[in-house]
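Listed below are the residues making up each chain.
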Amino acid sequence: MAVHPIDYRYGTDEMRTVWSEENKLQRMLDVETALARAEEATGDVPEGTAEEIESAADGVTLERVKEIEAEIHHDVMAVVRAIEENCDENSDAGEYAHFGATSNDIIDTADALRLRESCDILEERLKELRGALVEKADEHKETVCAGRTHGQIGVPTTWGHKFAVWASEVDRHLDRLEGVRERLEVGQMSGAVGTQASFGENAREISRRTMEELELREEEISTQIIARDRHAEYVGWLANVVTTLDKICTNVRNTQRTEIAEVEEGFGAQQVGSSTMPHKRNPVKSENVCGLARVVRGFVETELQNNVLWEERDLTNSSSERIVFAEASVLTDHCVNRTTNVIEGLGFHDDEIRENLEMLDGVNMAEAVMMELARQGYGRQKGHEAVRRAAMRAHEEGLSMKESLLKDEEIGEWLDEETVDELINPDDYIGTSVERVEEVVERLKGKSE
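This report concerns the structure included in the present document. Numbering of residues starts from 1 in each chain and follows the order in which that chain's sequence is written. Residues qualify for local features only when their pLDDT is at least 70, as the model is predicted, and side-chain atom pairs are given and counted only at 80 or more; totals for whole chains, interfaces and linings, by contrast, use all residues. Excluding hydrogens and water, the side-chain figures rest on all heavy atoms present in the structure.

1. Description of unusual backbone geometry
And step 1. Of note in this structure, His 150 is not a glycine but carries a positive phi near 60 degrees.
And step 2. Labels follow the DSSP assignment, with helices taken as runs of H or I lasting at least four residues and strands as runs of E lasting at least two, numbered in each case from the N terminus. Within the secondary structure, His 150 is located in the loop between β1 (144–149) and β2 (152–158).
And step 3. When accessible area is computed with a 1.4 Å probe and restricted to protein chains, residues below 20% of their type maximum are described as buried, those above 50% as exposed, and intermediate ones as partly exposed. Since its relative accessible area comes to 81%, His 150 is described here as exposed.

Written out as structure tokens, the structure reads:
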């Protein structure tokens, strides 16, 4: 019986597989096998041991490990005993499984393998999202729309500009991921308190060879566990990513509001928006992302606290990390995938975009008028006050901005009707937006090639 929504509602099969019980066991077996190979190479275990342990590991099943754990109440030793009982009874290979290691040598190193797989998936997902945003930025670089600050219409921008800003942000997350991975994908063979005493005189070589086999970086120094600042950085990165997705989807939701209606999530032919209001076309995908982003951000504090342990370690991090690593990774992957789907399927309502842009009848072009007065020598501060008065008069008397400006005798001495018409044309006041969007598009398309 499924209990957690991740099991039946959220996440992709790929990421759920990474954090499945089966994959956890497999990665632990990979680490045990790599350790045996390293120790055979250094002469710390008899020749042929590694091959025997690898063969035995291939036959270990999750069901058997759980049976053993139910008896002995230790998850790692359950894996070790499952390996041992699969070894040839005529050999001593089973006695050398887990030789010199402590539990977290296996757990932390196996988690590094799973975190690497998780990062691989998230990297590809974010590249797909970046590509979708770049495509929209290019397509709509000249789609002039109302810019908004404080929820109020300001000067014009373009929809392509919005997408380019988001694409650039996603690209920075990909850049950050490189550094995160360098510090995250590390394993250890350090022994009970980090001194490697149990591994003997070849400890450094055993550790080096094991990590080389697993293609992981070797932890420089540790206690019984790898310091959790590495994992906290990963969870913090996930939180940063979902916050960007939250921002994107919040903007989609806001601009899909009935009163604005500039864009709209894709809506299936048979899709139902409400159980009681048949007309509804709700931005449910974006709302889904915004809701789950809150959950992922909530894990940051937990993982920071997981770095605060007693002396060489206690067990307070273990239980929470079983939840944090899996849920944060699966939900972030889900949110990235869902946001890409939203962007790719986004519909544009050109009439509403134009209507909103012209809603204030030129009042939102006050800045353009002020700057022209300043350039002509009227003065920037004087121009600001004069245009502010004209804008307030337009609001209060129901005038267009053009009418209010031309009604002002002082402004009229500096600007004629033709100039005012040019200044309040929103299509002519998008500055370098198209040029900058094109630069972003070119740069990011180059990364995708």
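Having seen the model, we can carry on.
2. Describing the packing of aromatic side chains
And step 1. Here the aromatic set is Phe, Tyr and Trp, taking the six-membered ring for Trp, and pairing holds for ring centres within 6.5 Å; pairs whose planes are under 30 degrees apart are stacked, those over 60 apart are edge-to-face, and all others are tilted. The final tally for this structure, using the stated rule, is 7 aromatic pairs.
And step 2. Measuring from ring centre to ring centre gives 5.7 Å for Trp 159 and Phe 163, while their planes differ by 40 degrees; the resulting arrangement is tilted. One end of the pair, Trp 159, and the other, Phe 163, are both in helix α8 (residues 159–184), 4 residues apart, so they sit about a helical turn from each other. In this structure, Trp 159 and Phe 163 share a single accessibility class: buried.
And step 3. Each residue in the set Trp 159, Phe 163, Trp 166 and Phe 348 is aromatic and connected to the rest through ring pairs, giving one cluster.
And step 4. Lying over the aromatic face of Trp 159, Lys 162 brings its terminal NZ or CZ to 5.0 Å of the ring centre. Cation placement over rings: the criterion is NZ of Lys or CZ of Arg within 6 Å of the ring centroid and within 35° of the ring normal.

3. Structural notes on the pairing of β1
And step 1. The pairing of β1 with β2 spans 5 bridges and is classified as antiparallel. Of the residues in β2, the one forming a bridge with Val 144 is Thr 158. Pairing between strands is defined by DSSP: at least two bridges between the two strands are required.

4. As for helix α15 (residues 380–397)
And step 1. Multiply 1.5 Å by the residue count of a helix minus one, and that product is the helix's expected span. Over its 18 residues, α15 runs 25 Å from end to end, which matches the ideal 26 Å to within 8%, given 1.5 Å per residue.
And step 2. Burial in α15 covers these residues: Gly 383, Ala 386, Val 387, Ala 390, Ala 391, Arg 393 and Ala 394. One side of α15 holds all its buried residues, which, seen down the axis, span an arc of 160 degrees. Seen from the open side of α15, the exposed residues pointing more than 90 degrees away from its buried face are Gln 381 and Glu 396. The reported arc concerns the directions from the helix axis to the C-beta atoms and nothing else.

5. Some points on the layout of surface pockets
One simple way to see leftover space: roll a probe sized like a water molecule over the atoms.
And step 1. A volume near 640 Å³ is recorded for the largest pocket.
And step 2. Buriedness for pockets is judged along seven lines, at least five of which must meet protein on both sides within 12 Å for an open set on the 1 Å grid over protein atoms alone, while cavities are sets there where a 1.4 Å probe fits but cannot get out, and lining residues have an atom within 4 Å of a point. Together, 28 residues line the largest pocket, and Lys 24, Met 28, Asp 75, Arg 114 and Arg 322 are the ones closest to its centre.
And step 3. Secondary structure elements with two or more residues in the lining of the largest pocket: α3 (21–41), α5 (62–72), α6 (75–86), α7 (103–139) and α12 (316–344).
And step 4. Class assignment of the residues belonging to the lining of the largest pocket gives a composition of 10 nonpolar, 6 polar and 12 charged.
And step 5. Grid points are joined across faces, edges and corners, and a volume is the space filled by probe spheres set on the points. For the second largest pocket, the calculated volume is near 550 Å³.
And step 6. The wall of the second largest pocket is formed by 21 residues, among which Gly 147, Arg 148, Lys 162, Asn 251 and Thr 255 lie closest to the centre.
And step 7. Broken down by secondary-structure element, the contributors of at least two residues to the lining of the second largest pocket are β1, β2, α8 and α10 (229–255).
And step 8. Top element by residues in the lining of the second largest pocket is β2. It accounts for 5 residues. Note on residue classes: Ala, Val, Leu, Ile, Met, Phe, Trp, Tyr, Cys and Pro are nonpolar, Asp, Glu, Lys and Arg are charged, and everything else, Gly too, is polar.

6. Side note on the nonpolar core
And step 1. Grouped together as the largest cluster of nonpolar side chains are 60 residues, with contacts concentrated most on Trp 19, Leu 133, Trp 159, Phe 163, Tyr 234 and Trp 237.
And step 2. When contributions to this core are tallied by element, the ones reaching two or more residues are α2 (13–18), α7, α8, α10, α11 (284–305), α12 and α19 (433–448).
And step 3. Every residue pair with non-hydrogen atoms within 4.5 Å of one another is taken to be in contact. Discounting chain neighbours no more than four positions away, the residues touching Tyr 234 are Leu 115, Ser 118, Cys 119, Leu 122, Val 180, Leu 184 and Ser 329.
And step 4. For our purposes a nonpolar core is just a set of buried Ala, Val, Leu, Ile, Met, Phe, Trp, Tyr and Cys residues, chained together by side-chain atoms within 4.5 Å. In terms of nonpolar packing, the next biggest core, distinct from the first, is built from 38 residues, Val 65, Ile 68, Cys 87 and Ile 106 among them.

7. Observations concerning the packing of α5 against α6
And step 1. Contact pair α5 / α6: the axes reach a minimum separation of 8 Å and the direction vectors enclose 125 degrees. In terms of orientation, α5 and α6 fall into the oblique class. Judged by the twist between their axes, the crossing of α5 over α6 is right-handed. The residues of α6 that touch α5, namely those facing Arg 64, Val 65, Ile 68, Glu 69 and Ile 72, are Asp 75, Met 77, Ala 78, Val 79, Arg 81, Ala 82 and Glu 85.
And step 2. The residue inventory of the contact of α5 with α6, partitioned by class, reads 7 nonpolar, no polar and 5 charged. Fitted lines through C-alpha atoms serve as axes, helices being fitted only where they are in contact, and the angles separating the N-to-C directions of these axes extend from 0 to 180 degrees. The labels follow the angle: roughly parallel below 35 degrees, roughly antiparallel above 145, roughly perpendicular from 65 to 115, and oblique for the rest. What makes a crossing left-handed is the near helix being turned counterclockwise from the far one by less than a right angle; a clockwise turn instead makes it right-handed.

8. Things to note about the packing of α10 against α11
And step 1. The contact between α10 and α11 brings their axes to 8 Å, and the two run at 155 degrees. If you check the angle between α10 and α11, you find them roughly antiparallel. Considering the relative orientation of α10 and α11, their crossing is left-handed.
And step 2. Taken together, the residues that form the contact of α10 with α11 break down as 15 nonpolar, 5 polar and 5 charged.

9. Re the pattern of salt bridges
And step 1. Within this document, salt bridges are pairs made up of a side-chain nitrogen of Lys or Arg and a carboxyl oxygen of Asp or Glu, the two lying within 4 Å of each other. Summed over the entire model, instances satisfying the criterion amount to 44 salt bridges.
And step 2. With its nearest N and O atoms 2.9 Å apart, the salt bridge here joins Glu 14 to Arg 125. Taken together, the residues span a long stretch of sequence, with Glu 14 in helix α2 and Arg 125 in helix α7 at a distance of 111 residues.
And step 3. For Glu 14, a relative accessible area of 46% translates into the label partly exposed.
And step 4. We note a salt bridge from Arg 281 to Glu 264, for which the minimum N-O separation is 2.5 Å. Note that Arg 281 is positioned in the loop between β5 (263–264) and α11 and Glu 264 in strand β5, a separation of 17 residues in sequence.
And step 5. Residue classification places Glu 264 among the buried residues on the basis of a relative accessible area of 14%.
And step 6. Counted as one network, the salt bridges with shared partners bring together Asp 120, Glu 123, Glu 124, Lys 127, Arg 181 and Glu 185.

10. A few points about helix α14 (residues 366–375)
And step 1. Listed as buried for α14 are Ala 366, Ala 368, Val 369, Met 370 and Leu 373.
And step 2. Packing partners of the buried residues in α14 comprise α15, α16 (401–407) and α18 (417–423).
And step 3. Remark: Gly 377 follows α14 within two positions and exhibits a positive phi of approximately 105 degrees.

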